[in-house]
There are 2 protein chains.
Amino acid sequence: MCYRCHMVERADMRIEQLADGFELWVGDVAIVRHRAAEPAFFVGSGRPLVEMYRGNFAIEDRVDERLPLRHAEIAGNLVRLAVAAGLAPLLELRVEPGGLALNAAGPALNRFWLRVLADAGERLWGGGEQMSYFDMAGRRFPLWTSEPGVGRDKSTQLTWQADVTGKSGGDYWNTNYPQPTYVSSRRYALHVETDAYAAFDFRDPDFHEIEAWAVPARIEAWAAPSFVGLVEQLSARFGRQPRLPDWAIGGAIVGLKDGERSFDRLEGFVAAGAEVSGLWCEDWVGLRVTSFGKRLFWDWKANEARYPGLRGRIAALAARGIRFLGYVNPYLAADGVQFVEAAERGYLALRQDSDDIYLVDFGEFDCGVVDFTNPDAAKWFAERIIGQEMLDFGLSGWMADFGEYLPVDVRLSNGVDGMLMHNPWPTIWAKVNADAVASRGRTGDALFFMRAGWTGVQAHCPLLWAGDQSVDFSRHDGIGTVIRGALSSGLLGNAYHHSDIGGYTSLFGNVRTAELIMRWSEMAAFTPVMRSHEGNRPDDNLQIDGDPQVLAHFARMTRIHAALAPYVAGLCDEAVATGLPLQRPLFLHFEEDAACYPVETAYLYGPDLLVAPVIEPGAERWQVYLPAGADWIHLWSHEAHSGGQVLDVESPIGSPPVFWRAGSVHEALFAGLASI
Amino acid sequence: MCYRCHMVERADMRIEQLADGFELWVGDVAIVRHRAAEPAFFVGSGRPLVEMYRGNFAIEDRVDERLPLRHAEIAGNLVRLAVAAGLAPLLELRVEPGGLALNAAGPALNRFWLRVLADAGERLWGGGEQMSYFDMAGRRFPLWTSEPGVGRDKSTQLTWQADVTGKSGGDYWNTNYPQPTYVSSRRYALHVETDAYAAFDFRDPDFHEIEAWAVPARIEAWAAPSFVGLVEQLSARFGRQPRLPDWAIGGAIVGLKDGERSFDRLEGFVAAGAEVSGLWCEDWVGLRVTSFGKRLFWDWKANEARYPGLRGRIAALAARGIRFLGYVNPYLAADGVQFVEAAERGYLALRQDSDDIYLVDFGEFDCGVVDFTNPDAAKWFAERIIGQEMLDFGLSGWMADFGEYLPVDVRLSNGVDGMLMHNPWPTIWAKVNADAVASRGRTGDALFFMRAGWTGVQAHCPLLWAGDQSVDFSRHDGIGTVIRGALSSGLLGNAYHHSDIGGYTSLFGNVRTAELIMRWSEMAAFTPVMRSHEGNRPDDNLQIDGDPQVLAHFARMTRIHAALAPYVAGLCDEAVATGLPLQRPLFLHFEEDAACYPVETAYLYGPDLLVAPVIEPGAERWQVYLPAGADWIHLWSHEAHSGGQVLDVESPIGSPPVFWRAGSVHEALFAGLASI
């Protein structure tokens with residue numbers, strides 16, 4: 001089964017022979033130099049130590065051997081690499097249209113390292129969806145899908161508490177969606193085609209070291225004269241999302257999980273003047289209360305007790321142009337009926353040490369893992385659960401949660417080691433959802449959103465969501481991380497990104513402030529999809545409709561979001577055509593302006609809007625860099641400013657720092673936003 | 001210069017050839033099996049990343065290559081190892097009387113790994129002075145002298161606070177005194193003769209992996225029919241301490257650092273009935289106040305302002321049989337006069353990037369490092385500072401502090417890389433002290449004590465002290481760690497061990513309780529040297545003489561300590577003759593009793609006393625394992641108990657769990673202790 005079905009157009013790669021080795025070039029960029037004295041290719045073997053606790057992994061490698069392949073024999077497009085002359089080659093490289101195909105001498109070689117040429121001052125972006133650092137230079141990034149961590153900063157008490165109580169503090173590199181692909185400021189991109197545990201080590205001034213716990217099938221690379229060109233190629237390679245439906249960009253999706261009271265509360269949003277495009281009730285399946293907060297009952301069908309007459313309710317909303325969205329994930333609670341159904345059919349993954357079903361601890365309840373490597377099981381989940389229980393029931397979308405928890409010691413139908421199936425699981429999960437949507441002819445209309453990903457998730461998942469931020473302004477787990485997530489994933493072909501307004505994780509007394517919700521609402525208005533979330537502990541935290549001022553502010557931002565829809569619709573068309581993400585780093589359109597490159601928390605929203613969300617508490621003013629080569633009009637005051645300067649702009653709540661590019665064809669639309 | 005001058009008697013090692021490799025045996029124990037398919041020897045190269053902050057190191061390795069040396073050519077006592085047949089040998093092994101001598105093909109090979117055969121249930125002790133685990137099985141132990149850490153347990157808030165504020169939390173393996181030597185329950189011992197960063201990895205069930213960041217000069221091994229025999233051999237190998245002077249075992253050394261008020265306070269101890277053998281004033285050099293607490297002024301001479309007329313005071317004490325002890329360490333404060341003197345003579349280590357003196361940050365003040373690799377500098381320190389300013393002034397002993405802070409990027413007179421001089425620095429520092437003492441003919445009388453160590457410190461340092469515990473009962477940094485430190489270091493030839501009564505480090509509101517001081521006093525009474533310490537923040541913490549009940553309890557314990565002197569003197573004689581430590585793991589004398597092996601917090605004090613200190617707060621009773629094969633008499637009640645059982649014994653403060661072996665020739669002495 002190939003779950004990455006997208007056609008790819010790959011850059012040319014070529015070998016240049018040297019006296020004592022060879023170079024690999026893509027376009028006019030030398031990316032690898034391999035010489036006997038300074039080898040770039042290494043293979044070896046190792047044994048991983050893996051501990052999983054509720055989606056958090058402690059992984060350590062014990063490397064048994066690491067062999068520099070100093071001896072190269074080159075014949076046309078083929079290179080054979082050995083430890084020394086006279087010894088059997090351990091690795092064969094073949095330049096193909098799709099990149100560099102690799103073949104190892106045997107399966108015992110389960111470690112691979114490649115050193116890529118590095119430049120002083122080089123910047124490196126991508127790695128999937130990276131929340132802490134958009135530019136990865138100077139750091140090492142393990143690439144393994146997992147919980148992202150709570151706090152993600154070992155210097156904070158919150159992170160320490162999460163580590164001690166649940167091994168869940170995380171670190172800067174933890175992400176739901178890693179991908180072994182990067183874009184270099186040298187105007188090339190590189191992708192490692194592997195499903196294994198991998199790492200990018202960008203700490204050495206002389207080389208980038210790529211590591212994978214299997215010899216990759218291919219090293220792919222692209223070069224282009226512009227970053228726009230590179231991003232287009234990456235999108236073509238990894239898959240392009242269907243156009244975001246107009247309903248999703250035309251108002252806010254209000255997240256409530258209050259049982260049938262959610263419908264009454266929604267009316268409060270409408271009455272406050274909010275433009276509502278959808279009601280999202282993740283608790284449509286019923287609740288389970290744990291020490292983490294209110295969790296959902298993972299048996300995927302409407303819960304009549306919590307939502308009596310839901311089908312009729314959905315129809316009534318639909319008549320008013322409001323969609324209803326739900327929630328699903330790839331696990332089945334052991335105390336649910338679908339678990340029994342799947343178990344009877346043999347669709348659940350098994351233990352290695354017995355024929356028992358593998359149960360995963362999700363925090364005070366256990367679940368089975370539907371074995372998507374069994375095509376029948378995948379079809380069953382798509383048809384029986386998503387098709388019948390969700391789409392046929394009337395859902396227009398859902399959070400397709402998780403995907404990161406595949407245990408490495410599970411026994412799967414396809415016989416592949418869990419170490420090699422763990423990373424691609426989110427992509428497989430995305431395809432199950434996409435197949436279900438397609439089976440009802442709803443592609444481009446029904447909208448699911450995911451936090452987890454891996455190579456190829458782009459071809460199946462129509463919308464990313466930034467995962468579970470803490471409900472704060474913290475550097476590594478707060479509001480600002482969403483921007484970095486949008487920018488990094490956007491470069492790799494994920495055109496659409498959004499987040500939980502107000503953040504999600506409230507633990508150890510960390511709770512939402514009104515200011516946080518309002519700043520987050522302001523930011524979300526300038527992203528493709530504006531969606532709120534009550535968080536993990538709704539009762540302990542301020543809700544949007546719990547404070548009239550917050551609600552009024554939110555409602556105004558939804559109207560601004562809706563008013564932007566004509567502009568955003570054009571960006572969606574562009575995304576379909578070119579793969580350009582809606583949220584873009586400044587340098588994407590201002591390559592010549594060196595000052596744009598370090599900017600990580602402002603973005604271009606399409607070519608004509610510059611958005612610099614306020615991501616610190618207590619700020620009344622904000623520093624915004626305006627790219628050189630254009631003039632910029634402040635959205636609220638309509639004051640013009642020339643580019644190439646840092647502007648200190650008044651930014652009280654309600655007036656986030658947003659500018660439009662003077663001369664935009666959308667000038668009239670932008671100018672009207674200030675009066676909303 | 002050889003700073004490890006002790007004569008060694010080494011076990012025989014021999015090679016046994018196999019069809020596809022060889023085995024190494026010591027006595028009747030196979031320790032290494034090397035086969036082409038399962039190689040035991042690996043070499044390679046790597047680049048360390050080292051960050052030092054006030055004696056705390058963050059060290060990461062980047063291994064460039066790790067080559068299994070599968071091909072062995074054996075000729076008599078010589079083995080040549082290569083990656084493959086036909087390739088140049090990279091490592092030569094030669095069995096010599098002293099062990100296995102190793103020669104690498106070149107200096108570029110700066111990584112070495114050796115796999116030693118492991119047994120199920122094998123126990124492994126040693127590794128220098130290990131504070132958290134006496135039995136190292138199941139864990140990895142980096143061997144690098146450093147600060148031991150504050151808290152040393154990532155799950156505690158104290159450790160987290162220390163990490164965040166000073167990178168100083170530490171972990172279970174951090175120690176001032178590591179040593180790449182272990183004793184196996186298979187009744188052999190193994191030593192890696194290297195000064196490089198090293199590690200023992202005891203996690204794999206099939207092998208122990210020894211790592212060193214240089215190819216070691218030798219792998220040494222010993223086998224013996226008994227553990228006593230092994231310990232004697234190790235002591236012979238690493239050096240044997242001079243006999244502890246009678247004055248040091250005949251009463252307590254009272255630590256005060258209150259300037260001249262210390263003398264008045266000492267009278268309070270005497271008046272309370274304490275047997276006082278010495279007054280230890282580390283502030284004899286004057287004070288410097290920092291945020292850590294009161295620190296000392298590191299310019300090593302009597303401070304007339306803080307101790308007016310000290311020479312006369314010392315003489316007056318001496319007339320009463322009370323010694324005076326001071327403090328010194330190998331650094332010179334940049335604002336002191338000795339720094340200038342050393343700098344003018346060129347005795348201070350330099351920076352690599354200039355000819356400037358290398359300054360080390362010790363926490364709000366900088367110091368120069370006396371370059372002991374320059375024999376003139378070492379002699380100068382021994383003569384000019386320790387000889388003239390300390391011994392000639394009247395000091396009978398001192399804390400010879402530190403030794404762990406040698407920066408790895410320092411430039412030394414002998415031209416050796418700091419990575420290779422860092423670990424042996426404590427041993428060199430010990431020798432400077434020992435040479436000074438010998439120069440005055442005071443060996444075996446003047447007593448200095450050290451926390452830092454490395455291979456060979458045994459030959460120079462007459463007394464270990466357990467370093468800086470936190471002032472608490474915590475598992476990894478409290479009172480109980482002292483026992484593990486005594487047992488582990490004792491097996492490697494360090495006969496004498498003691499600790500700061502009450503602990504040392506009081507940070508983040510962690511302060512001493514009366515109970516802690518009293519429990520620590522009880523334990524210290526049954527160690528060779530009983531010495532109190534005011535801690536790093538005397539004013540914030542209870543002092544022994546700050547509570548009449550604590551003082552009375554301490555005084556009684558000093559009398560018990562003094563009363564034990566005849567027994568302890570015999571143990572000291574035994575240590576000189578055989579190298580057996582005074583504090584011994586239970587299994588050392590009860591090899592046949594399997595239940596003795598897991599015991600880590602009780603010890604035999606000599607062959608006839610069993611001491612099981614209470615190391616938890618609030619305990620009124622204590623569980624004590626009594627070794628089988630003897631009867632045991634409770635010290636306080638004189639009740640007899642047969643061995644081979646866990647006894648639940650009443651252990652209120654003042655009656656620590658201590659037993660003597662029925663039939664001991666010292667029975668009368670022991671029986672009398674209860675009435676003190």
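Note that the structure is predicted; figures quoted are calculated from it, not measured.

Q: Explain the interface of chain B and chain A to me, using residue names and the numbers behind them.
A: Size of an interface: often given as the accessible area lost when the parts come together. Opposite the 27 residues of chain B that make contact, chain A presents 26 residues. Together chain B and chain A conceal approximately 2,000 Å² of surface at their shared face, both sides included; 46% is due to carbon and sulfur atoms. Per-residue buried area on chain B facing chain A is highest for Arg66, Trp160 and Arg203 of chain B; these three make up 27% of the total on that side. Linking chain B with chain A are 10 salt bridges. The partner of Glu65 of chain B in a salt bridge is Arg70 of chain A, with the nearest N and O atoms 2.6 Å apart. Linking chain B to chain A there are 15 residue pairs in polar contact (both at pLDDT 80 or more). Residue assignment for the side of chain B that touches chain A shows that the elements contributing at least two residues are β4 (41-53), β5 (56-68) and α1 (157-166) of chain B. Here the side of chain B that touches chain A gets 8 residues from one element, more than from any other, and that element is β5 of chain B. Looking at the side of chain B that touches chain A residue by residue, the class counts come to 12 nonpolar, 3 polar and 12 charged.

Q: With reference to specific residues and values, describe helix α13 (residues 565-578) of chain A.
A: The periodicity of an α-helix, 3.6 residues per turn, causes residues three or four places apart in sequence to face the same way. Residues and elements named next belong to chain A. The end-to-end C-alpha distance of α13 is 19 Å, a good match for the 20 Å that 14 residues give at a rise of 1.5 Å each. Inspection of α13 places Ala565, Tyr567, Val568, Ala569, Leu571, Cys572, Ala575 and Thr578 among the buried residues, and these make up the whole buried set. Following α13 by one or two positions, Gly579 adopts a phi angle in the positive range, close to 85°.

Q: So, helix α12 (residues 548-563) of chain A: which residues are in play, and what are the values?
A: Residue and element names in this part refer to chain A. The first and last C-alpha atoms of α12 sit 22 Å apart over 16 residues, in line with the 22 Å expected at 1.5 Å per residue. Residues of α12 that are buried: Val550, Leu551, His553, Phe554, Ala555, Arg556, Met557, Thr558, Ile560, His561 and Ala562. At the N-terminal boundary of α12, the capping side chain belongs to Asp547, with an oxygen 2.8 Å from the backbone nitrogen of Gln549.

Q: Before we move on, can you summarise the domain arrangement of chain A with the specific residues and values?
A: All names here are of chain A. Per the domain assignment, the segments making up chain A are domain 1 (13-237), domain 2 (246-330 + 373-578) and domain 3 (583-673). One C-alpha centre belongs to domain 1, the other to domain 3; they are set 35 Å apart. The interface is formed by 12 residues belonging to domain 1 together with 9 residues belonging to domain 3. The junction of domain 1 with domain 3 conceals about 850 Å² of combined surface from both sides, 62% of it contributed by carbon and sulfur atoms. When the area that domain 1 buries against domain 3 is broken down by residue, the three leading residues are Arg123, Phe134 and Phe227, summing to 53%. Across the domain 1-domain 3 interface, the total number found is 1 salt bridge. Among the salt bridges present, the one from Glu591 reaches Arg187, with a minimum N-O distance of 2.8 Å. The interface formed by domain 1 and domain 3 contains 4 residue pairs in polar contact (both at pLDDT 80 or more). Considering every element that reaches the side of domain 1 that touches domain 3, the biggest residue donor is helix α2 (residues 227-238), with 3 residues. Considered class by class, the residues forming the side of domain 1 that touches domain 3 number 7 nonpolar, 2 polar and 3 charged.

Q: Mind laying out the environment of Pro652 of chain B, listing which residues take part and the relevant values?
A: With respect to the helices, strands and loops of the structure, Pro652 of chain B is situated in the loop between β40 (645-650) and β41 (658-661). Exposure remark for Pro652 of chain B: the relative accessible area of 28% places this residue in the partly exposed category.

Q: I'd like to hear about the relation of the copies chain B and chain A, residue by residue, with values.
A: It takes a turn of 180° to lay chain B on chain A, together with a shift of 0.0 Å along the axis; the resulting RMSD is 0.0 Å. The transformation just described matches what one would write down for a two-fold rotation axis. Within chain B, the C-alpha atom positioned nearest to the axis of rotation is that of Arg66 of chain B, 2.3 Å from it. A shared binding surface is used by both copies, with 96% of the interface residues of chain B retained as interface residues in chain A.

Q: Outline the side chain of Thr527 of chain B, supporting the account with residue identities and numerical values.
A: Of note, Thr527 of chain B is situated in the loop between α11 (514-525) and β33 (530-532). Residues in contact with Thr527 of chain B, not counting those within four places in the same chain, are His497, His498, His561, Gln583, Tyr603 and Tyr605 of chain B.

Q: Provide a residue-level description of the environment of Glu211 of chain B, including the pertinent values.
A: Residues and elements named next belong to chain B. In this structure, Glu211 sits in strand β16 (residues 207-212). Using a relative accessible area of 11% as the deciding quantity, one classes Glu211 as buried. Separated by 169 residues in the primary sequence, Glu211 and Phe42 have C-alpha atoms spaced 9.4 Å apart. Not counting residues within four places of it along the chain, the set of residues in contact with Glu211 comprises Asp61, Phe112, Trp113, Arg140, Tyr197, Ala198 and Ala199. A distance of 3.0 Å separates a polar atom in the side chain of Glu211 from a polar atom in the side chain of Arg140.

Q: Explain the pattern of salt bridges residue by residue, including any values.
A: For the structure on display, the rule yields 112 salt bridges over all chains. A salt bridge links Arg140 of chain A to Glu211 of chain A; its shortest N-O distance comes to 3.0 Å. Of the two residues, Arg140 of chain A sits in strand β12 (residues 140-143) while Glu211 of chain A sits in strand β16 (residues 207-212), which places them 71 residues apart along the sequence. Here Lys257 of chain B makes a salt bridge to Glu282 of chain B, at a shortest N to O gap of 3.0 Å. On the criterion of sequence distance, the pair formed by Lys257 of chain B in the loop between β18 (252-255) and α4 (261-271) and Glu282 of chain B in the loop between β19 (276-280) and β20 (287-290) is long-range, its members being 25 residues apart. Judged by its relative accessible area of 6%, Glu282 of chain B falls in the buried class. Here the residues in one salt-bridge network are Arg47, Arg62 and Asp64 of chain A together with Arg66, Arg115, Asp204 and Glu209 of chain B, joined through shared partners.

Q: Explain the packing of aromatic side chains to me, and be specific about the residues and the numbers.
A: Residues and elements named next belong to chain A. Across all of its chains, the model carries 102 aromatic pairs over all chains by this definition. Consider the rings of Phe449 and Trp465, whose centres lie 6.3 Å apart with planes at 85°: the pair is edge-to-face. Taken together, the residues Phe449 in strand β29 (residues 447-449) and Trp465 in strand β30 (residues 464-465) connect sequence positions 16 residues apart. Here Phe449 and Trp465 have matching classes, each one buried. Ring centres of Tyr567 and Tyr605 lie 6.5 Å apart, and the angle between their planes is 75°; this geometry places the pair in the edge-to-face category. Taken as a pair, Tyr567 in helix α13 and Tyr605 in strand β35 (residues 603-605) lie far apart in primary sequence, 38 residues in all.

Q: So what's going on with the packing of helix α7 (residues 375-391) of chain A against helix α9 (residues 425-439) of chain A? Residues and values would help.
A: Residues and elements named next belong to chain A. At a minimum axis distance of 9 Å, the contact between α7 and α9 shows a crossing angle of 55°. By the angle class used here, α7 and α9 are oblique. Pair α7 / α9 crosses with right-handed handedness. Residues Ala378, Phe381, Ala382, Ile386, Gly387 and Leu391 of α7 form the contact with α9, whose participating residues are Trp429, Val432, Asn433, Ala436 and Val437.

Q: I'd like a description of the side chain of Ser396 of chain A, backed by residues and values.
A: All names here are of chain A. With respect to the helices and strands, the residue Ser396 is situated in the loop between α7 and β27 (397-400). Looking at Ser396, its side chain comes within polar contact range of the side chain of Arg323, at 3.2 Å. If we ignore the near neighbours within four places in the chain, the residues touching Ser396 are Trp247, Arg323, Phe324, Arg442, Asp445, Ala446 and Leu447.

Q: Go over the pairing of strand β6 (residues 71-75) of chain A, please, and point to the residues and values.
A: Residues and elements named next belong to chain A. Across 5 bridges, β6 lies against strand β7 (residues 78-82) in antiparallel orientation. If you follow Ala72 over to β7, its bridge partner there is Leu81. From the end of β6 to the start of β7, which pair antiparallel, there are 2 residues, and Gly76 there has a positive phi angle of about 60°.

Q: Can you tell me about the pairing of strand β2 (residues 21-26) of chain A, naming the residues and giving the values?
A: Residues and elements named next belong to chain A. With respect to burial, β2 is a largely interior element, 5 of its 6 residues being buried. Relative to β2, strand β1 (residues 13-18) runs antiparallel, the two sharing 6 bridges. By the bridge assignment, Gln17 is partnered in β2 with Phe22. As consecutive antiparallel partners, β1 and β2 are separated by 2 residues. Where β2 lies against strand β3 (residues 29-35), 6 bridges are found, and the strand directions are antiparallel. Counterpart to Glu23 in the pairing with β3 is Arg33. Where β2 folds back onto β3 in an antiparallel hairpin, the turn is made up of 2 residues, including Gly27, whose phi is positive at roughly 55°.

Q: Now, about unusual backbone geometry: what can you tell me, with residues and values included?
A: Residue and element names in this part refer to chain B. The phi angle at Arg187 is positive, at roughly 65°, despite the residue not being glycine. In this structure Arg187 comes out as partly exposed when scored by relative accessible area, which is 24%. Its identity as a non-glycine residue notwithstanding, His638 has a phi of 65°, on the positive side. Structurally, His638 is set in the loop between β38 (631-634) and β39 (640-642).

Cut-offs used in this document
Residues numbered from 1 in each chain as written. Chains lettered and ligands numbered in written order. Predicted model: local features only at pLDDT ≥ 70, side-chain atom pairs only at ≥ 80, totals over all residues. Heavy atoms only, no water. Contact = heavy atoms within 4.5 Å. Buried area = accessible area lost by both parts, 1.4 Å probe. Salt bridge = Lys/Arg side-chain N within 4 Å of Asp/Glu carboxyl O. Polar contact = N/O pair within 3.5 Å; in protein donor to acceptor, adjacent residues only side chain to side chain. Helix = DSSP H or I, 4+ residues; strand = E, 2+ residues; numbered from the N terminus. Nonpolar A, V, L, I, M, F, W, Y, C, P; charged D, E, K, R; others polar. Expected span 1.5 Å × (residues − 1). Buried < 20%, exposed > 50% of the residue type's maximum accessible area, 1.4 Å probe, protein only. Domains from an automatic or database assignment. Least-squares fit on C-alpha atoms with pLDDT ≥ 70 in both. Phe/Tyr/Trp six-rings, centres within 6.5 Å; stacked < 30°, edge-to-face > 60°. Axes fitted to C-alpha atoms, helices over the stretch in contact; angles between N-to-C directions. Parallel < 35°, antiparallel > 145°, perpendicular 65-115°, else oblique. Left-handed = near helix turned anticlockwise from the far one by under 90°. Pairing = 2+ DSSP bridges.

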